[in-house]
Amino acid sequence: MRIVFMGTPSFAVPSLEALLAAGHDVCGVFTQPDKPKNRGMKLLPSAVKECALSHSIPVFQPVKMRDGEALGYLKTLNPDLIVVAAYGKILPSEILDYPPLGCINVHSSLLPKYRGAAPINWAILNGEKETGVTIMHVAPALDAGDIIATVKTPIDPDETAPVLTERLSHLGAELLVKVVPHIADGTANRTVQEEEQSTYAPMLSRELSAMDWSKPARQLHNQVRGLLPWPAAVAEFGGIRCKVFNTTVEPGVHAEGPGTILEAGKHGILIACGADTALRINELQADGGKRMKAADYLRGHPIDAKK
């Protein structure tokens, strides 16, 4: 089948590679424009662009999707189907309607839950025990198209957003190549989403970062896992702002009050939280410093316990 693929981050790469491995003719790839990154602010290509170029697939990076440029590219490619995976742009109806077989999306949640930009992060932030990938027909409304197929997977209580993203990327790729032949022969399922069951997963922001020790340790642990790699959970230790990267929940801890530092030493920093729980900080990064084990950080920045 002749397919145009649209995607940007590493999540989308396994889907692109799976389509190629299955023998489909991926005639073009759309991805977001190169963006400045790191301290040098050098323009760097997306993970999908790098993958496409390694397979000698033409790459298109329109800034806008509604000014006719993207549609013009699409007409030159003349695909049977568009496959989208974390592209990061809303497709107008003239693009959705152009391919004879339409447009399908690889979405990293069990729709209709967690429509939006950050479904994996919000599933972890909200303490979900299960998530998955949905292959859906793309509709004008955000992630509201008819469902073709889903795959479910449990979320480990200590699994971080990057680790879960990697797992879901491969589950989605496996499901995608099973679905595409049914799109081709017209036997693909179409299940209308239950609108009343829908939830939204908005983009992440630094406003979510601050850790509140009055919350139970499990909720804070979910915050740390869910906000990786950006913007990361943030707390102050000894008056120094730190990003927190790895924690452990320790229930049944009784202390004078949330925020009390119970331990600070070779086993990291143990802090009393709400509901008689405690959270152990295992890995952190002070502003302007390097990411390191909390025990190593304490050697240069000692903190008194139970204060």
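The model shown is predicted, which means the values in this text are computed figures rather than measured ones. (Residues numbered from 1 in each chain as written. Predicted model: local features only at pLDDT ≥ 70, side-chain atom pairs only at ≥ 80, totals over all residues. Heavy atoms only, no water.)

(A) Expanded view of the overall build of the protein chain. Secondary structure summary: the protein chain contains eight helices and 17 strands in total. Dimensions along the principal axes, computed over C-alpha positions, put the protein chain at roughly 65 × 45 × 35 Å. Looking at the protein chain as a whole, 48% of its 307 residues qualify as buried. For the protein chain, the computed accessible surface area is about 14,900 Å², with 52% contributed by carbon and sulfur atoms. Side-chain charges in the protein chain split into 31 positive and 33 negative, and the spacing between the mean points of these groups amounts to 6 Å. (Helix = DSSP H or I, 4+ residues; strand = E, 2+ residues; numbered from the N terminus. Buried < 20%, exposed > 50% of the residue type's maximum accessible area, 1.4 Å probe, protein only. Areas by Shrake-Rupley, 256 points an atom, 1.4 Å probe, with all protein chains shown as cover. Lys, Arg positive; Asp, Glu negative; His and termini not counted. Charge placed at Lys NZ, Arg CZ, Asp CG, Glu CD.)

(B) Here's a closer look at the layout of surface pockets. Computed from the structure, the largest pocket encloses a volume of approximately 1,600 Å³. Lining the largest pocket we find 46 residues, and of these Pro9, Ala86, Gly88, Ala117 and Ala118 sit closest to its centre. Looking at the lining of the largest pocket, the elements that each hand over two or more residues are strand S3 (35–37), helix H2 (47–54), strand S7 (103–107), helix H5 (119–125) and helix H6 (161–185). Across the lining of the largest pocket, the residue classes break down as 29 nonpolar, eleven polar and six charged. Contributing elements (two or more residues each) for the lining of the second largest pocket: helix H4 (93–96) and H6. In terms of residue class, the lining of the second largest pocket is built from ten nonpolar, five polar and two charged. (1 Å grid on protein atoms, 1.4 Å probe; cavity = no way out; pocket = protein on both sides within 12 Å on 5 of 7 lines; lining within 4 Å. Points joined across faces, edges and corners; volume = space filled by probe spheres on them. Nonpolar A, V, L, I, M, F, W, Y, C, P; charged D, E, K, R; others polar.)

(C) Representation of the packing of helix H1 (residues 13–21) against H2 in the model. For the pair H1 and H2, interaxial distance at closest approach is 9 Å and the crossing angle is 20 degrees. Classed by the angle they form, the pair H1 and H2 counts as roughly parallel. In this structure, H1 meets H2 at a crossing whose hand is right-handed. On H2, the residues that touch Val13, Leu16 and Glu17 of H1 are Ala47, Val48, Cys51 and Ala52. In the contact of H1 with H2, the residues fall into six nonpolar, no polar and one charged. (Axes fitted to C-alpha atoms, helices over the stretch in contact; angles between N-to-C directions. Parallel < 35°, antiparallel > 145°, perpendicular 65-115°, else oblique. Left-handed = near helix turned anticlockwise from the far one by under 90°. Contact = heavy atoms within 4.5 Å.)

(D) Spatial organisation of the environment of Thr150. Mapped onto the elements of the fold, Thr150 is located in strand S10 (residues 147–154). Residue Thr150 is classed as partly exposed on the basis of its relative accessible area of 39%. Every residue in contact with Thr150, bar those within four places of it in the chain, is listed here: Leu110, Val133, Thr134 and Leu175.

(E) Focus on the pattern of salt bridges. Under the defined criterion, the tally for this structure stands at eleven salt bridges. Of the charged contacts in the structure, one is a salt bridge between Arg241 and Asp287, with a shortest N-O distance of 2.8 Å. With Arg241 in strand S13 (residues 240–251) and Asp287 in the loop between strand S16 (277–286) and strand S17 (292–293), this pair connects stretches of sequence that are 46 residues apart. A residue is classified by how much of its surface remains accessible, and Arg241, at 33% relative accessible area, is partly exposed. (Salt bridge = Lys/Arg side-chain N within 4 Å of Asp/Glu carboxyl O.)

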